[in-house]
Amino acid sequence: QKEVEQNSGPLSVPEGAIASLNCTYSDRGSQSFFWYRQYSGKSPELIMSIYSNGDKEDGRFTAQLNKASQYVSLLIRDSQPSDSATYLCAVGMNSGYSTLTFGKGTMLLVSP
Amino acid sequence: ETGVTQSPTHLIKTRGQQVTLRCSSQSGHNTVSWYQQALGQGPQFIFQYYREEENGRGNFPPRFSGLQFPNYSSELNVNALELDDSALYLCASSARGLNTEAFFGQGTRLTVV
């Protein structure tokens, strides 16, 4: 059974700090990896996708993937109170009709 | 805004009733997936539709069924509602192929009483 594990948090960081969110997955066949942000009462919003080992940067966000360790992370630089949300890690098989397996999410709290 | 729209946004039903939720996919996307998200949990995959056929199903009973229409919009039907069906139901739209991203609609909050 495919599993995606995340620390539920909350992860508390001060404004301006770097927030580091981590995720591990069980299925070595996984090929696509995503981070979604979900505000309370809202639907998940895609913020990053990564498919190959290494880092991918987009603005204040950096996704890191290590397939050998089955580990994916999200770094948020210069954290803002508006970044306070639950961050969901999702993993897909990328088989042409990929479905996503989600972790339970990590709640991030950024204090002013 | 993702371009994926769901209706209704909120719904209250009585145990044993049936419900239909609707989703319009993003322009250019031909695949629709449905997820159930219980409070405090990550979304759980229900099923996926491509070319009007079910194309993958998660661990949900047959009383969860769906449809996809020629315009790629989709419906999720749940029969014989149970209290545990209370959740946020999410529709995700994507294109077919490798390295595709899925975008969610705003969701339908279903409460079963």
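Cut-offs applied
- Residues numbered from 1 in each chain as written.
- Chains lettered and ligands numbered in written order.
- Predicted model: local features only at pLDDT ≥ 70, side-chain atom pairs only at ≥ 80, totals over all residues.
- Heavy atoms only, no water.
- Helix = DSSP H or I, 4+ residues; strand = E, 2+ residues; numbered from the N terminus.
- Buried < 20%, exposed > 50% of the residue type's maximum accessible area, 1.4 Å probe, protein only.
- Polar contact = N/O pair within 3.5 Å; in protein donor to acceptor, adjacent residues only side chain to side chain.
- Contact = heavy atoms within 4.5 Å.
- Pairing = 2+ DSSP bridges.
- Axes fitted to C-alpha atoms, helices over the stretch in contact; angles between N-to-C directions.
- Buried area = accessible area lost by both parts, 1.4 Å probe.
- Nonpolar A, V, L, I, M, F, W, Y, C, P; charged D, E, K, R; others polar.
- Disulfide = S-S within 2.5 Å.

(A) Summary view of the side chain of Ser73(B). All names here are of chain B. The topology assignment puts Ser73 in the loop between strand S7 (64–68) and strand S8 (74–78). Under the relative-accessibility criterion, Ser73 is labelled buried at 14%. One polar contact links Ser73 to Asn71, side chain to side chain, over a distance of 2.7 Å. Setting aside anything within four residues of it in sequence, one finds Ser73 in contact with Cys23, Ser24, Leu67 and Gln68.

(B) Fine view of the sheet that holds strand S1 (residues 5–7) of chain B. Residues and elements named next belong to chain B. Taken together, the four strands give an open sheet; going across it, the order is S1-S3-S8-S7, and neighbouring strands pair in antiparallel fashion. On the outer flanks of this sheet lie S1 and S7, each paired with one strand and no other. For this sheet, the mean angle separating the axes of adjacent strands, direction not counted, is 20°. One ladder, built from five bridges, connects strand S3 (residues 19–24) with S8; its direction is antiparallel. Bridging across to S8, Leu21 finds its partner in Leu76.

(C) Highlighting the interface of chain B and chain A. Listed per partner, the contact involves 23 residues of chain B and 19 residues of chain A. Of the roughly 1,700 Å² buried between chain B and chain A on both sides combined, carbon and sulfur atoms contribute 52%. On the chain B side of the interface with chain A, the three residues burying the most area are Asn99(B), Glu101(B) and Phe104(B), jointly 26% of the side's total. The interface formed by chain B and chain A holds five residue pairs in polar contact (both at pLDDT 80 or more) in total. Partitioned by chemical class, the residues of the side of chain B that touches chain A number nine nonpolar, 12 polar and two charged.

(D) Fine view of the environment of Gln6(A). All names here are of chain A. With respect to the element layout, Gln6 can be found in strand S1 (residues 4–6). A relative accessible area of 13% means that Gln6 is categorised as buried. Spatially, the C-alpha atoms of Gln6 and Thr106 are 6.3 Å apart, while their sequence positions differ by 100 residues. Not counting the four nearest positions on each side in its chain, Gln6 is found in contact with Asn22, Cys23, Trp35, Tyr87, Leu88, Cys89, Gly103, Lys104, Gly105 and Thr106.

(E) Representation of the sheet that holds strand S8 (residues 71–76) of chain A in the model. Residue and element names in this part refer to chain A. Across the sheet, five strands lie side by side as S1-S3-S8-S7-S6; this open sheet has antiparallel pairing. Since the sheet does not close on itself, it has two edges, and those belong to S1 and strand S6 (54–58), each with one partner. Looking at each pair of strands side by side, their axes are set apart by 20° on average, direction ignored. Direction of pairing for S1 relative to strand S3 (residues 19–25): antiparallel, over a ladder of three bridges. From the neighbouring strand, Glu5 faces S3, where its bridge partner is Thr24.

(F) Focus on the state of the cysteines. This structure, assessed with the given rule, holds two disulfides over all chains. Here Cys23(A) connects covalently by a disulfide to Cys89(A), the sulfurs 2.1 Å from one another. Taking the torsion about the sulfur-sulfur bond, which here is approximately -70°, the covalent link between Cys23(A) and Cys89(A) counts as left-handed. Placement of the pair is Cys23(A) in strand S3 and Cys89(A) in strand S9 (residues 85–92), with a sequence separation of 66 residues. A relative accessible area of 1% places Cys23(A) in the buried class. You can call Cys89(A) buried: its relative accessible area is 1%. Covalently, Cys23(B) is tied to Cys91(B) through a disulfide, its sulfur atoms 1.8 Å apart. One quick way to see it: the torsion about the S-S bond of Cys23(B) and Cys91(B) is about -55°, and its sign makes the bridge left-handed. Remark: Cys91(B) occurs in strand S9 (residues 87–94) and Cys23(B) occurs in strand S3; sequence separation between them is 68 residues. Each member of the pair, Cys23(B) as well as Cys91(B), carries the same accessibility label: buried.

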